[in-house]
Amino acid sequence: MSYNKLIDHTLLKQDAQPEQIVKLCEEAKEHDFMSVCVNPAYVPLAAECLKGSDVKVCTVIGFPLGMNLTRTKVEEAKLCIAQGATEIDMVINVGMLKAGHDEYVREEIKLLKEVAGKLVLKVIIETCLLTDEEKVRACKLAKEAGADFVKTSTGFSTGGATVHDVKLMRETVGPEMGVKASGGVRTHEDLLAMVEAGANRIGTSNGTKII
(Lines give C-alpha, C1' and ligand atoms only; values in the text may rest on other atoms or scores of the structure.)
Protein backbone atom coordinates (compact mmCIF):
# COMPACT_ATOMS: atom_id res chain seq x y z
CA MET A 1 0.00 0.00 0.00
CA SER A 2 1.21 3.52 -0.82
CA TYR A 3 1.22 5.96 2.07
CA ASN A 4 2.39 8.99 0.07
CA LYS A 5 -0.99 10.72 0.10
CA LEU A 6 -1.25 10.47 3.87
CA ILE A 7 1.73 12.78 4.36
CA ASP A 8 1.77 16.53 4.93
CA HIS A 9 5.47 17.21 4.22
CA THR A 10 6.25 19.75 6.92
CA LEU A 11 8.77 22.50 7.63
CA LEU A 12 7.65 24.94 10.32
CA LYS A 13 10.95 25.77 12.02
CA GLN A 14 11.52 29.41 12.90
CA ASP A 15 14.81 29.53 10.98
CA ALA A 16 13.51 27.86 7.81
CA GLN A 17 14.90 29.66 4.75
CA PRO A 18 13.32 30.12 1.30
CA GLU A 19 15.62 27.62 -0.40
CA GLN A 20 14.57 24.98 2.16
CA ILE A 21 10.92 25.60 1.30
CA VAL A 22 11.70 25.19 -2.40
CA LYS A 23 13.43 21.88 -1.61
CA LEU A 24 10.43 20.81 0.51
CA CYS A 25 8.11 21.46 -2.42
CA GLU A 26 10.36 19.60 -4.87
CA GLU A 27 10.44 16.58 -2.55
CA ALA A 28 6.65 16.71 -2.16
CA LYS A 29 6.20 16.68 -5.92
CA GLU A 30 8.76 13.89 -6.36
CA HIS A 31 7.10 11.65 -3.77
CA ASP A 32 3.52 12.74 -4.52
CA PHE A 33 2.73 13.77 -0.96
CA MET A 34 -0.68 15.19 -0.06
CA SER A 35 0.66 18.61 0.88
CA VAL A 36 3.51 20.72 2.09
CA CYS A 37 2.87 22.41 5.44
CA VAL A 38 4.59 25.78 5.84
CA ASN A 39 4.28 28.92 7.92
CA PRO A 40 2.10 31.72 6.47
CA ALA A 41 5.05 33.80 5.29
CA TYR A 42 6.02 31.04 2.88
CA VAL A 43 2.57 30.34 1.44
CA PRO A 44 3.14 32.44 -1.72
CA LEU A 45 6.49 30.74 -2.37
CA ALA A 46 5.06 27.25 -1.85
CA ALA A 47 2.06 28.03 -4.04
CA GLU A 48 4.37 29.18 -6.83
CA CYS A 49 6.62 26.12 -6.49
CA LEU A 50 3.67 23.71 -6.55
CA LYS A 51 1.76 25.34 -9.40
CA GLY A 52 0.57 22.69 -11.84
CA SER A 53 0.96 19.82 -9.34
CA ASP A 54 -1.70 18.17 -7.20
CA VAL A 55 0.29 18.76 -3.99
CA LYS A 56 -1.69 21.03 -1.71
CA VAL A 57 -0.37 24.06 0.17
CA CYS A 58 -1.14 23.66 3.86
CA THR A 59 -0.45 26.44 6.34
CA VAL A 60 -0.84 27.01 10.07
CA ILE A 61 -3.02 29.62 11.75
CA GLY A 62 -2.45 31.01 15.25
CA PHE A 63 0.68 28.89 15.36
CA PRO A 64 2.10 27.56 17.61
CA LEU A 65 0.36 28.84 20.77
CA GLY A 66 -3.19 29.41 19.55
CA MET A 67 -3.47 32.45 21.82
CA ASN A 68 -4.09 35.05 19.12
CA LEU A 69 -7.32 36.98 19.01
CA THR A 70 -9.98 35.11 17.08
CA ARG A 71 -10.20 38.04 14.68
CA THR A 72 -6.46 37.77 14.04
CA LYS A 73 -6.79 34.05 13.22
CA VAL A 74 -9.68 34.78 10.86
CA GLU A 75 -7.77 37.50 9.00
CA GLU A 76 -4.62 35.38 8.86
CA ALA A 77 -6.58 32.52 7.31
CA LYS A 78 -8.19 34.85 4.75
CA LEU A 79 -4.81 36.24 3.71
CA CYS A 80 -3.23 32.81 3.44
CA ILE A 81 -6.06 31.46 1.28
CA ALA A 82 -5.84 34.54 -0.95
CA GLN A 83 -2.12 33.85 -1.40
CA GLY A 84 -2.56 30.21 -2.33
CA ALA A 85 -3.14 28.07 0.77
CA THR A 86 -5.49 25.17 0.08
CA GLU A 87 -5.54 23.57 3.55
CA ILE A 88 -5.63 25.28 6.95
CA ASP A 89 -4.31 23.89 10.26
CA MET A 90 -5.51 26.11 13.13
CA VAL A 91 -4.47 25.98 16.79
CA ILE A 92 -7.24 26.24 19.36
CA ASN A 93 -6.98 28.43 22.46
CA VAL A 94 -6.00 25.63 24.84
CA GLY A 95 -6.37 27.80 27.93
CA MET A 96 -9.98 28.62 27.09
CA LEU A 97 -10.73 24.93 26.53
CA LYS A 98 -9.16 23.95 29.85
CA ALA A 99 -11.13 26.69 31.61
CA GLY A 100 -14.37 25.21 30.28
CA HIS A 101 -15.19 27.97 27.79
CA ASP A 102 -16.48 25.53 25.21
CA GLU A 103 -18.59 28.06 23.32
CA TYR A 104 -15.51 30.25 22.72
CA VAL A 105 -13.57 27.30 21.28
CA ARG A 106 -16.49 26.08 19.17
CA GLU A 107 -17.25 29.53 17.79
CA GLU A 108 -13.63 30.18 16.86
CA ILE A 109 -13.40 26.91 14.93
CA LYS A 110 -16.74 27.66 13.27
CA LEU A 111 -15.51 31.07 12.10
CA LEU A 112 -12.34 29.55 10.67
CA LYS A 113 -14.40 26.92 8.84
CA GLU A 114 -16.55 29.66 7.37
CA VAL A 115 -13.38 31.26 6.01
CA ALA A 116 -12.04 27.93 4.72
CA GLY A 117 -15.32 27.00 3.05
CA LYS A 118 -14.74 23.90 0.93
CA LEU A 119 -11.04 23.85 1.80
CA VAL A 120 -9.89 21.40 4.47
CA LEU A 121 -9.71 22.79 8.02
CA LYS A 122 -7.70 20.84 10.59
CA VAL A 123 -7.96 21.71 14.28
CA ILE A 124 -4.82 21.32 16.39
CA ILE A 125 -5.83 20.53 19.98
CA GLU A 126 -2.30 20.07 21.46
CA THR A 127 -2.99 16.75 23.17
CA CYS A 128 0.13 16.85 25.36
CA LEU A 129 -1.43 19.69 27.38
CA LEU A 130 -4.84 18.04 27.82
CA THR A 131 -6.44 15.38 29.96
CA ASP A 132 -8.32 12.62 28.14
CA GLU A 133 -11.59 14.31 29.06
CA GLU A 134 -10.35 17.57 27.54
CA LYS A 135 -9.16 15.79 24.39
CA VAL A 136 -12.62 14.28 23.94
CA ARG A 137 -14.27 17.65 24.53
CA ALA A 138 -11.96 19.38 22.06
CA CYS A 139 -12.68 16.78 19.39
CA LYS A 140 -16.44 17.05 19.92
CA LEU A 141 -16.28 20.85 19.67
CA ALA A 142 -14.28 20.64 16.43
CA LYS A 143 -16.80 18.21 14.97
CA GLU A 144 -19.76 20.34 16.06
CA ALA A 145 -18.14 23.39 14.47
CA GLY A 146 -17.81 21.65 11.11
CA ALA A 147 -14.04 21.08 10.98
CA ASP A 148 -12.71 18.41 8.63
CA PHE A 149 -9.90 17.05 10.83
CA VAL A 150 -8.68 17.06 14.38
CA LYS A 151 -4.91 17.11 14.75
CA THR A 152 -2.83 16.02 17.74
CA SER A 153 -0.04 18.52 18.02
CA THR A 154 1.94 21.52 16.83
CA GLY A 155 5.22 19.74 17.45
CA PHE A 156 6.31 22.83 19.41
CA SER A 157 4.94 21.96 22.87
CA THR A 158 5.86 19.30 25.43
CA GLY A 159 5.02 16.26 23.30
CA GLY A 160 3.71 14.97 19.99
CA ALA A 161 1.35 12.32 18.70
CA THR A 162 0.80 9.10 20.64
CA VAL A 163 -1.07 5.96 19.66
CA HIS A 164 -3.32 6.41 22.70
CA ASP A 165 -4.33 9.92 21.68
CA VAL A 166 -4.96 9.00 18.05
CA LYS A 167 -7.17 6.08 19.12
CA LEU A 168 -9.09 8.31 21.52
CA MET A 169 -9.57 10.99 18.89
CA ARG A 170 -10.76 8.48 16.29
CA GLU A 171 -13.21 6.92 18.76
CA THR A 172 -14.55 10.39 19.58
CA VAL A 173 -15.04 11.77 16.07
CA GLY A 174 -16.13 8.53 14.40
CA PRO A 175 -15.25 7.26 10.93
CA GLU A 176 -16.28 10.25 8.81
CA MET A 177 -13.97 12.94 10.21
CA GLY A 178 -10.21 13.08 9.66
CA VAL A 179 -7.57 12.52 12.34
CA LYS A 180 -4.07 13.89 11.77
CA ALA A 181 -1.14 12.59 13.81
CA SER A 182 1.63 15.15 14.01
CA GLY A 183 4.73 15.56 16.12
CA GLY A 184 7.32 12.82 16.57
CA VAL A 185 6.30 10.67 13.58
CA ARG A 186 9.80 9.93 12.29
CA THR A 187 9.85 6.39 10.91
CA HIS A 188 7.79 4.08 8.71
CA GLU A 189 6.96 2.10 11.86
CA ASP A 190 5.69 5.28 13.54
CA LEU A 191 3.47 5.98 10.55
CA LEU A 192 2.05 2.46 10.51
CA ALA A 193 1.29 2.64 14.24
CA MET A 194 -0.58 5.92 13.80
CA VAL A 195 -2.55 4.64 10.81
CA GLU A 196 -3.50 1.49 12.73
CA ALA A 197 -4.66 3.68 15.62
CA GLY A 198 -6.95 5.62 13.27
CA ALA A 199 -4.98 8.44 11.68
CA ASN A 200 -5.67 9.20 8.04
CA ARG A 201 -3.19 12.05 7.72
CA ILE A 202 0.38 12.31 9.01
CA GLY A 203 2.25 15.54 9.64
CA THR A 204 6.00 14.96 9.52
CA SER A 205 9.28 16.58 8.54
CA ASN A 206 10.62 13.09 7.79
CA GLY A 207 8.36 12.26 4.84
CA THR A 208 11.14 11.36 2.40
CA LYS A 209 12.84 9.10 4.95
CA ILE A 210 9.55 7.39 5.84
CA ILE A 211 8.62 6.70 2.20
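The structure contained in this document is the topic of the report that follows. (Residues numbered from 1 in each chain as written. Predicted model: local features only at pLDDT ≥ 70, side-chain atom pairs only at ≥ 80, totals over all residues. Heavy atoms only, no water.)

## Some thoughts on the nonpolar core
Now for step 1: Ranked by size, the top nonpolar core spans 58 residues in total, and within it Val36, Ile92, Ile109, Leu121 and Val123 carry the most contacts.
Now for step 2: By size, the runner-up hydrophobic cluster in this structure holds seven residues, among which are Leu12, Cys58, Phe63 and Val91. (Core = buried A, V, L, I, M, F, W, Y, C linked by side-chain atoms within 4.5 Å. Buried < 20%, exposed > 50% of the residue type's maximum accessible area, 1.4 Å probe, protein only.)

## Description of the sheet that holds strand E4 (residues 87–91)
Strand pairs in the sheet, formed through backbone hydrogen bonds, run parallel or antiparallel to each other.
Now for step 1: Spatial strand order, E1-E2-E3-E4-E5-E6-E7-E8: eight strands in a closed barrel with parallel pairing. Each neighbouring strand pair of the sheet contributes to a mean axis angle of 25 degrees, computed without reference to strand direction.
Now for step 2: Two elements, strand E3 (residues 56–61) and E4, share four bridges in a ladder whose sense is parallel. By the bridge assignment, Cys58 is partnered in E4 with Glu87.
Now for step 3: Packing against the sheet, helix H1 (residues 18–31) makes contact with strand E1 (7–11) and strand E2 (35–38), and its axis sits at approximately 165 degrees to E1.
Now for step 4: Contacts between helix H7 (residues 163–173) and the sheet are confined to strand E6 (149–151) and strand E7 (178–182), with E7 contributing the most and set at about 165 degrees to the helix. (Pairing = 2+ DSSP bridges. Helix = DSSP H or I, 4+ residues; strand = E, 2+ residues; numbered from the N terminus. Axes fitted to C-alpha atoms, helices over the stretch in contact; angles between N-to-C directions. Contact = heavy atoms within 4.5 Å.)

## Considering H7
Now for step 1: When we look at burial in H7, the residues that qualify are Asp165, Val166, Leu168, Met169, Arg170, Thr172 and Val173.
Now for step 2: The inward-facing, buried residues of H7 abut helix H6 (132–144), E6, E7 and helix H8 (188–197).
Now for step 3: Directly beyond the C-terminal end of H7, a positive phi value near 80 degrees is found at Gly174.

## Describing the pattern of salt bridges
Now for step 1: All chains considered together, the criterion is met by 23 salt bridges.
Now for step 2: A salt bridge links Glu103 to Arg106; its shortest N-O distance comes to 2.3 Å. Of this pair, Glu103 and Arg106 are both found in helix H5 (residues 102–116), three residues apart, which corresponds to roughly one turn of the helix.
Now for step 3: Relative accessible area serves as the criterion here: at 47%, Glu103 is assigned to the partly exposed category.
Now for step 4: Residue classification places Arg106 among the partly exposed positions, given a relative accessible area of 23%.
Now for step 5: Between Asp148 and Lys113 there is a salt bridge; the shortest N-O distance is 2.7 Å. Taken as a pair, Asp148 in the loop between H6 and E6 and Lys113 in helix H5 lie far apart in primary sequence, 35 residues in all.
Now for step 6: For Asp148, a relative accessible area of 27% translates into the label partly exposed. (Salt bridge = Lys/Arg side-chain N within 4 Å of Asp/Glu carboxyl O.)

## Notes on unusual backbone geometry
Now for step 1: That bond from Phe63 to Pro64 is cis: its omega, -5 degrees, falls within 30 degrees of zero.
Now for step 2: Tracing the backbone shows Pro64 in the loop between E3 and helix H3 (70–82).
Now for step 3: The phi dihedral of Asp32 is positive, around 55 degrees, even though this residue is not glycine.
Now for step 4: Phi at Glu126 takes a positive value of approximately 55 degrees, unusual for a residue other than glycine.
Now for step 5: Its location among the elements puts Glu126 in the loop between strand E5 (120–124) and H6.

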